[in-house]
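Structural characterization, general
For reference, the chains in residue letters:
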Amino acid sequence: KQEVTQIPAALSVPEGENLVLNCSFTDSAIYNLQWFRQDPGKGLTSLLLIQSSQREQTSGRLNASLDKSSGRSTLYIAASQPGDSATYLCAVQGTYKYIFGTGTRLKVLA
Amino acid sequence: EAGVAQSPRYKIIEKRQSVAFWCNPISGHATLYWYQQILGQGPKLLIQFQNNGVVDDSQLPKDRFSAERLKGVDSTLKIQPAKLEDSAVYLCASSLEQDGYTFGSGTRLTVV
């Protein structure tokens, strides 16, 4: 059974810092891994999608890497801004469909 | 391309009342999902449709929840009767094969 864990559960950093969010999964037989952002009480916004054959994806200040063999993905946020404050969720898709982690609540202080 | 549309955005009902949520997926997306997200938790899959057929409804509380996807496009999720613990954000998503999910804005349900 696939399990997805995100560490840390919460993170508070000053504006301008580079930061790393971690996602680990127990079954490496995945089709893809997707990072989402969620603002309080809102839906999920897709940030980056990494197919199983890819190692990383980049979008603006965001970079996500995937290491299937170790069951890990990291989301790197460069030069963090207060507007980045949100919950970040990773989800892995396999034959068991999408399994979500519980998220990392990020707060960037001005 | 238009996103996944959900309505209503918010709903407040009393326990034992019924409620329905609507979702219109991205055009051409065969797979549609309903998720329940309780505050502080990750989304939990309630039901998955492939076109208008149910692929997985193993976590759907069938004594009170029902869902349908007529003609393989729009979908409705119904709760009858609602309980206090049903208070959550109900998320609809659609996907095209293995191209990742696109989520709607969600419906926040409060049961009082």
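For the structure itself, consult the block above.
An account of the accompanying structure is given in this report.

Calculation rules
Residues numbered from 1 in each chain as written. Chains lettered and ligands numbered in written order. Predicted model: local features only at pLDDT ≥ 70, side-chain atom pairs only at ≥ 80, totals over all residues. Heavy atoms only, no water. Helix = DSSP H or I, 4+ residues; strand = E, 2+ residues; numbered from the N terminus. Buried < 20%, exposed > 50% of the residue type's maximum accessible area, 1.4 Å probe, protein only. Contact = heavy atoms within 4.5 Å. Lys, Arg positive; Asp, Glu negative; His and termini not counted. Charge placed at Lys NZ, Arg CZ, Asp CG, Glu CD. Buried area = accessible area lost by both parts, 1.4 Å probe. Salt bridge = Lys/Arg side-chain N within 4 Å of Asp/Glu carboxyl O. Polar contact = N/O pair within 3.5 Å; in protein donor to acceptor, adjacent residues only side chain to side chain. Nonpolar A, V, L, I, M, F, W, Y, C, P; charged D, E, K, R; others polar. Pairing = 2+ DSSP bridges. Axes fitted to C-alpha atoms, helices over the stretch in contact; angles between N-to-C directions. Core = buried A, V, L, I, M, F, W, Y, C linked by side-chain atoms within 4.5 Å.

A short note on the overall build of chain B
- Looking only at helices and strands, chain B has 0 helices and 11 strands in total.
- What you see in chain B, going N to C, is helices and strands ordered as β-β-β-β-β-β-β-β-β-β-β.
- Referenced to the eigenvectors of the C-alpha coordinate spread, the extents of chain B come out at roughly 40 × 25 × 25 Å.
- When burial is assessed residue by residue, chain B has 46% of its 112 residues classed as buried.
- Long-range contacts, defined here as pairs at least 24 residues apart, represent 51% of the contacts in chain B between residues at least 6 apart.
- A gap of 9 Å separates the mean positions of the 12 positive and 11 negative side-chain charges of chain B.

Considerations on the interface of chain A and chain B
- Counting residues at the interface gives 20 residues for chain A, matched by 21 residues for chain B.
- In this assembly, chain A packs against chain B so that about 1,500 Å² is buried in total across both faces, 54% of it on carbon and sulfur atoms.
- Of all residues in chain A, the largest losses of buried area upon contact with chain B belong to Gly41(A), Lys97(A) and Phe100(A), amounting jointly to 31% of the total for that side.
- In this assembly, chain A and chain B are joined by 0 salt bridges.
- Between chain A and chain B we count 3 residue pairs in polar contact (both at pLDDT 80 or more) in total.
- Within the residue set of the side of chain A that touches chain B, elements represented by two or more residues are β4 (32-38), β5 (44-51), β9 (86-94) and β10 (97-100) of chain A.
- Among the residues making up the side of chain A that touches chain B, the classes are represented as 8 nonpolar, 10 polar and 2 charged.

A few points about the sheet that holds strand β1 (residues 5-7) of chain B
All names here are of chain B.
- Pairing within the open sheet is antiparallel, and its 4 strands lie in the order β1-β3-β8-β7. Bordering the open sheet on either side are β1 and β7 (65-68), each of which pairs with just one other strand. The average undirected angle you get between the axes of adjacent strands in this sheet is 15°.
- In this structure, strand β3 (residues 19-24) lies alongside strand β8 (residues 75-79), joined through 5 bridges in antiparallel fashion. From the neighbouring strand, Ala 20 faces β8, where its bridge partner is Lys 78.

A closer look at the nonpolar core
- Counting 22 residues, the largest nonpolar core has Phe25(A), Leu33(A), Trp35(A), Leu75(A), Ile77(A), Tyr88(A) and Leu106(A) as its most contacted members.
- When contributions to this core are tallied by element, the ones reaching two or more residues are β3 (19-25), β4, β5, β7 (62-67), β8 (72-77), β9 and β11 (104-109) of chain A.
- Contact partners of Tyr88(A), with chain neighbours within four places excluded, come to Gln6(A), Leu21(A), Phe36(A), Arg37(A), Leu47(A), Leu75(A), Ile77(A), Gly103(A), Thr104(A) and Leu106(A).
- Leu60(B), Ile79(B), Ala88(B) and Cys92(B) belong to the second-largest nonpolar core, a separate cluster that totals 21 residues.

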